[in-house]
Amino acid sequence: MSPQKPTNIIYTGVAGTGKTYRLLQIAQQYTDYLPRINDKDLLGQLLQELNWRDVVCLIFLDFKSKRQDLVKVPEIVNHEFFVGKAAQNAREKNLSNTAWSVLQMHTPASSQTVSYKNRASQAYFDKDNSGAWYLLPESMDLLSDLAQQLAEFQQAKRENNSQNQEFRQQRFSMVSFHQAYGYEEFVEGIRPVMAATSPATNSSSQMSYAIQDGAFLKLCQRAANDPDQRYAMLIDEINRANVSRVFGELLSLIESDKRAGMSNAMTVHLAYSGRTFSVPANVDIYATMNTQDHSLAPLDMALRRRFRFIDCPPQPKLLPILYLYLNLNQDSEAVNSVTLNTKTANPAENRYPTETIDLAKLLTGLNNRITQTLGAEAQLGHAFLWSVDSLEQLQTVLIEQIIPQLAQAAAGQVTILQYIFQDEQQPISAQFIQDSQALINNDANNSVNPNSPSQLFAGHQSFLGQSISSGNYKINTDLLDNSAEFTKPFVYQRLY
């Protein structure tokens, strides 16, 4: 039976179209949620190989971990470890006698409270004058292995209680490429290793160099040892690194028919270790690529033969409608906004929906004009508006994300930006994007009036000019302050 054909896919699109989200969803397909061993089975595993002396010692260690050093026989007999061992041995009777026998047998001959003939050679316990038993301090070194088993049992129980009886086994590795990412991180490379030195030397550690496996090589080794399961390499922003350098000689091996066991299987000798290597057929590769990275676009051609490319366009239909509410208890034109799935009133709060802002139409309108002026690769992804659920959040996204990105794409050309935001026919006060020169002229015309808005905001605009201006454009101060025209829904509706 021939192995399943590997999957090599790159998801492409502009920023904010959910490409990285797709990788996270794919990761779930390569994650196994396995039932955890329940507490009863954990206890059975712990006690299976222990004799009665070990069980009693384990009980003392358990009490000691809870800051109780003195233990009486009824506490021992009723402890879950003792009860569990008795169940394994099908014992129901004379359990107290068993506990007494173990305790007395393993007391020191010098004990002042225990008189017993058939003592074992190694003492672990002794009894005080009140009848309470305790571990001998000198026995603690002998119980280190039991203490470790107890710690692992307690940790497993805690994990069971905190993770709903399931644990995850991941059959994927996820990396994010960047300009400095290289072959050494992805495949293998020589890296420094700190090694401890002997006490005779003056320094506590010594640096050496060793060949270490990278993320992809480690995943391939796991996949080769588990051929019945599929594994995935998830790469975010694959075109941000020099792909030919990162993959090296593996660039040919990742082709579907070149994998191990396939018709044209290939092997190579790795650059540093010289080991013979081939990419397993049960390793799938998924990646994302931002098409707005024009400087890195040529890398697309190097990957074309080896990957399927799936376009991820903006999806405005996923966005909600903002329903704006007028509070009838106030003599104010201001509105509050929330996101609802249906247009409903809230009579209890005397608030009724009055206007809407359709985020899907808003994004569609912006993208249509962006495509006309800057090209399809400058479009905005739906993720920019995905979490918007109020008018204030919409303003924040426009100010901090959308306008700066479009300004960079347009090289600060105010004419293009004003066209995108439908500002050309609007008065200066209602423009999202203002022409800096027009503002200067307007300030000159209003300079005779010390109470004019331009005078009142002169200092604020000076700061804004330094922080968010680019070229000859400026974001409207009223939009920044959530005031004047930008508290009204029709300003945003005209972006449709």
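As shown above, the structure is provided for reference.
Residues numbered from 1 in each chain as written. Predicted model: local features only at pLDDT ≥ 70, side-chain atom pairs only at ≥ 80, totals over all residues. Heavy atoms only, no water.

**Observations concerning a nonpolar patch on the surface**
Nonpolar side chains collect at one region of the surface, where Ile 190, Met 207, Tyr 209, Ile 211 and Tyr 272 lie side by side and expose about 520 Å² of accessible area between them. Classification of Tyr 209 by relative accessible area gives exposed; the value is 58%. (Patch = residues over 30% accessible without salt bridge, like charges linked within 9 Å, V, L, I, M, F, W, Y side chains within 5 Å. Areas by Shrake-Rupley, 256 points an atom, 1.4 Å probe, with all protein chains shown as cover. Salt bridge = Lys/Arg side-chain N within 4 Å of Asp/Glu carboxyl O. Buried < 20%, exposed > 50% of the residue type's maximum accessible area, 1.4 Å probe, protein only.)

**Focus: helix H1 (residues 19-29)**
For H1, the full list of buried residues reads Lys 19, Leu 23, Ile 26 and Ala 27. Across the axial projection of H1, the buried residues extend over an arc of 110 degrees, all falling on one side. (Helix = DSSP H or I, 4+ residues; strand = E, 2+ residues; numbered from the N terminus. Arc of directions from axis to C-beta.)

**Some words on the sheet that holds strand S6 (residues 172-176)**
Within the open sheet, the 5 strands sit side by side as S6-S9-S12-S1-S13. Their pairing is parallel. Of all the strands in the sheet, the pair left with one neighbour each is S6 and strand S13 (308-311). Taken over all neighbouring pairs, the strand axes of this sheet differ in orientation by 20 degrees on average, direction set aside. In terms of strand pairing, S6 meets strand S9 (residues 231-236) through 5 bridges, oriented parallel. Following the sheet pairing, Ser 173 is matched in S9 by Met 233. Along the sheet, H1 contacts strand S1 (8-13), S6, S9, strand S12 (283-290) and S13; its crossing angle with S12, the most-contacted strand, is approximately 165 degrees. Helix H9 (residues 215-224) contacts S6, S9 and S12 of the sheet and is inclined by roughly 165 degrees relative to S9. (Pairing = 2+ DSSP bridges. Axes fitted to C-alpha atoms, helices over the stretch in contact; angles between N-to-C directions. Contact = heavy atoms within 4.5 Å.)

**Description of the packing of helix H13 (residues 359-374) against helix H14 (residues 391-409)**
Running from N to C, H13 and H14 point in directions that differ by 10 degrees, and their axes come no closer than 13 Å. It follows that H13 is roughly parallel to H14 by the angle criterion. Handedness of the H13/H14 crossing: right-handed. Across from Leu 359, Leu 362, Ile 370 and Leu 374 in H13, the residues of H14 making contact are Leu 394, Leu 406 and Ala 409. Looking at the contact of H13 with H14, its residues break down into 7 nonpolar, no polar and no charged. (Parallel < 35°, antiparallel > 145°, perpendicular 65-115°, else oblique. Left-handed = near helix turned anticlockwise from the far one by under 90°. Nonpolar A, V, L, I, M, F, W, Y, C, P; charged D, E, K, R; others polar.)

**Re the packing of helix H3 (residues 52-65) against helix H6 (residues 95-105)**
Contact geometry of H3 with H6 gives a least axis separation of 10 Å together with a crossing angle of 85 degrees. The angle between H3 and H6 places the two elements in the roughly perpendicular class. Mapping the contact onto sequence places Trp 52, Arg 53, Val 56 and Phe 60 in H3 and Thr 98, Val 102 and Leu 103 in H6. Residue classes in the contact of H3 with H6 are distributed as 5 nonpolar, 1 polar and 1 charged.

**Some details on the nonpolar core**
It is characteristic of soluble globular proteins that their nonpolar side chains tend to be buried jointly. Ile 357, Leu 385, Leu 394, Ile 402, Phe 421, Phe 432 and Tyr 492 are the most contacted members of the largest nonpolar core, which has 38 residues in total. Residue assignment for this core shows that the elements contributing at least two residues are strand S14 (321-327), H13, H14, helix H15 (414-420), strand S18 (473-475) and helix H20 (489-493). Ranked by residue count, the leading element in this core is H14, at 9 residues. Each residue touching Ile 357, except ones within four places of it in the same chain, is listed here: Pro 320, Ile 321, Leu 322, Leu 324, Leu 362, Leu 391, Leu 394, Pro 489, Tyr 492 and Tyr 496. Val 187, Phe 216, Leu 219 and Phe 247 belong to the second largest nonpolar core, which has 36 residues in total. (Core = buried A, V, L, I, M, F, W, Y, C linked by side-chain atoms within 4.5 Å.)

**Brief notes about the layout of surface pockets**
Counted as a void, the largest pocket has a volume near 390 Å³. If you trace the largest pocket, you find 17 residues lining it, with Thr 17, Gly 18, Lys 19, Tyr 21 and Ala 383 closest to the centre. At the level of elements, H1 and S12 are the ones that each hand at least two residues to the lining of the largest pocket. With 4 residues, H1 is the largest single contributor of residues to the lining of the largest pocket. (1 Å grid on protein atoms, 1.4 Å probe; cavity = no way out; pocket = protein on both sides within 12 Å on 5 of 7 lines; lining within 4 Å. Points joined across faces, edges and corners; volume = space filled by probe spheres on them.)

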